[in-house]
Amino acid sequence: MTSARTRERMVNRLIEQGITDLSVIDVMRRTPRHIFLDEALAHRAYEDTSLPIGHGQTLSQPYIVARMTEVLLSGGPLGKVLEIGTGSGYQTAVLAQLVGQVFSVERIKALQDKARQRLGVLKLHNVRLRHTDGGLGWPEEPGFDGIIATAAPLGVPKALVAQLAEGGRLVIPVGGGEVQELLLITRRGDSHETRVLEQVRFVPMLGGVL
Ligand code: SAH
């Protein structure tokens, strides 16, 4: 159930669902998703669904990981990328293989510790993790070419927009309900441009750390 063949089926489904970026497809074909889950759930890793990772959090559905990554990359190659919500580390691992450097923040220490270990197993060394409230971004490292949030705030955090480089892209689910809107925000000088992409379901972005 964790073989290359199951992974190939997952990738074929992504293509049917409209994912077109071949670099994203190729990375998801190569990245073992099952190591980002607890053993009891590993056999479900390649299903087209989000899965629990403990502490009331979830590893996003493969389609959503692919779609958000594709949108983030669609403006051209990315150097520095910030992720809010490391969770299992799967999205982090996908990004690390496609961009220069990934900065990823997580508010639950226990999840961050597991993610760090898994990223180490995959020898992804261009990742920096920090245990903090991601609504504040990573203020010491402004100038991100891309920011991706995998938890939904009620509104777009100003700190995140402020930490985008010129032309930088923020992909973020926003809204307080069970269903949120996935937004693409592009920094243009002192202003920014917002596009609504689609409806999504994410866990809420919460304040404070655990
Ligand atoms: N990208 C993750 C998705 C995990 S779910 C994956 O691939 O597995 C979203 C994660 O965001 C959870 O782990 C949750 O703890 C975290 N999160 C929620 N609010 C946050 C905040 N303010 N700062 C940092 N992380 C946050």
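Residues numbered from 1 in each chain as written. Predicted model: local features only at pLDDT ≥ 70, side-chain atom pairs only at ≥ 80, totals over all residues. Heavy atoms only, no water.

Novice: I'd like to hear about helix 3 (residues 62–73), residue by residue, with values.
Specialist: The terminal C-alpha atoms of helix 3, which comprises twelve residues, lie 17 Å apart, in line with the 16 Å expected from a rise of 1.5 Å per residue. Along helix 3, twelve of the twelve residues are buried, which leaves the element largely enclosed by surrounding structure. Among all positions in helix 3, only Pro62, Tyr63, Ile64, Val65, Ala66, Arg67, Met68, Thr69, Glu70, Val71, Leu72 and Leu73 are buried. (Helix = DSSP H or I, 4+ residues; strand = E, 2+ residues; numbered from the N terminus. Expected span 1.5 Å × (residues − 1). Buried < 20%, exposed > 50% of the residue type's maximum accessible area, 1.4 Å probe, protein only.)

Novice: Outline the sheet that holds strand 8 (residues 180–188), supporting the account with residue identities and numerical values.
Specialist: Strand order in this open sheet of seven strands is 5-4-3-6-7-8-9, and the pairing throughout is mixed. Of all strands in the sheet, those with a lone pairing partner are strand 5 (127–131) and strand 9 (191–200), marking the two edges. Sheet twist, expressed as the mean angle between neighbouring strand axes with direction ignored, is 15°. As paired elements, strand 7 (residues 164–174) and strand 8 share six bridges and run antiparallel to each other. Bridging across to strand 8, Pro173 finds its partner in Leu182. Across the sheet, helix 3 touches strand 3 (80–84), strand 6 (144–149), strand 7, strand 8 and strand 9, and the angle it forms with strand 7 is around 160°. (Pairing = 2+ DSSP bridges. Axes fitted to C-alpha atoms, helices over the stretch in contact; angles between N-to-C directions. Contact = heavy atoms within 4.5 Å.)

Novice: Lay out the side chain of Arg169 in plain terms, naming residues and giving numbers.
Specialist: If you trace the backbone, Arg169 turns up in strand 7. Buried within the structure, Arg169 lacks any salt-bridge partner; its nearest side chain of opposite charge belongs to Glu193, at an N-O separation of 7.1 Å. Those residues in contact with Arg169 that lie beyond four places of it in its chain are Val71, Leu72, Ser74, Gly75, Asp145, Gly146, Ile147, Leu164, Leu184, Ile185 and Thr186. (Lys, Arg positive; Asp, Glu negative; His and termini not counted. Salt bridge = Lys/Arg side-chain N within 4 Å of Asp/Glu carboxyl O.)

Novice: Describe in detail the site of the ligand, supporting the description with residues and values.
Specialist: Residues in contact with the ligand amount to 25 residues; listed here are only the nearest, Ser88, Glu106, Asp133, Gly134 and Leu206. In the model, a nitrogen atom of the ligand is placed 3.3 Å from a nitrogen or oxygen of the Glu83 side chain. Coverage of the ligand by the protein chains reaches 99% of its 570 Å² of free accessible surface. Broken down by element, the shell around the ligand gets its largest block of residues, three residues, from strand 2 (residues 57–59). (Near = heavy atom within 4 Å. Polar contact = N/O pair within 3.5 Å; in protein donor to acceptor, adjacent residues only side chain to side chain. Areas by Shrake-Rupley, 256 points an atom, 1.4 Å probe, with all protein chains shown as cover.)

Novice: So what's going on with the packing of helix 1 (residues 4–16) against helix 2 (residues 22–30)? Residues and values would help.
Specialist: Interaxial distance between helix 1 and helix 2 falls to 9 Å at its minimum, and their mutual angle equals 155°. As the angle between them shows, helix 1 and helix 2 are arranged roughly antiparallel. Handedness of the helix 1/helix 2 crossing: right-handed. Judged by residue contacts, Arg7, Glu8, Met10, Val11, Leu14 and Ile15 of helix 1 engage Ile25, Met28, Arg29 and Arg30 from helix 2. When grouped by side-chain class, the residues that make up the contact of helix 1 with helix 2 number six nonpolar, no polar and four charged. (Parallel < 35°, antiparallel > 145°, perpendicular 65-115°, else oblique. Left-handed = near helix turned anticlockwise from the far one by under 90°. Nonpolar A, V, L, I, M, F, W, Y, C, P; charged D, E, K, R; others polar.)

Novice: Lay out the side chain of Asp21 in plain terms, naming residues and giving numbers.
Specialist: Following the sequence through the fold, Asp21 ends up in the loop between helix 1 and helix 2. Among buried charged residues, Asp21 stands out as having no salt bridge; its nearest opposite-charge side chain is Arg67, 9.7 Å away. Those residues in contact with Asp21 that lie beyond four places of it in its chain are Glu70 and Leu73.

Novice: Please provide a residue-by-residue account of the pairing of strand 1 (residues 51–54), values included.
Specialist: When strand 1 meets strand 2, the two strands line up antiparallel, connected through three bridges. Looking across to strand 2, one finds that Gly54 is bridged to Gln57. Hairpin connection of strand 1 to strand 2: two residues between the antiparallel strands, including His55 at a positive phi of 55°.

Novice: So what's going on with the packing of aromatic side chains? Residues and values would help.
Specialist: The relative placement of two aromatic rings is captured by the distance of their centres and the angle of their planes. Throughout the structure, instances matching the rule amount to three aromatic pairs. Look at Phe103 and Trp138: their rings are 5.0 Å apart centre to centre, the planes differ by 80°, and that puts the pair in the edge-to-face class. In this pair, Phe103 is assigned in strand 4 (residues 101–106) and Trp138 in the loop between strand 5 and strand 6, connecting sequence segments 35 residues apart. Taken as a pair, Phe103 and Trp138 share a single burial class, namely buried. Geometrically, the ring pair formed by Phe103 and Phe144 is edge-to-face, given 5.5 Å between the ring centres and 75° between the ring planes. (Phe/Tyr/Trp six-rings, centres within 6.5 Å; stacked < 30°, edge-to-face > 60°.)

Novice: Mind laying out helix 5 (residues 109–121), listing which residues take part and the relevant values?
Specialist: Between its first and last C-alpha atoms helix 5 spans 19 Å; for 13 residues at 1.5 Å apiece the expected length is 18 Å, and the two agree. Listed as buried for helix 5 are Leu111, Gln112, Ala115, Arg118 and Leu119. Seen from one end, helix 5 has its buried residues packed into an arc of 125°, which puts them on one side. Away from its buried face by more than 90 degrees, helix 5 exposes Gln117 and Val121. Note on helix 5: the residue one or two positions beyond its end, Lys123, has a positive phi of about 55°. (Arc of directions from axis to C-beta.)

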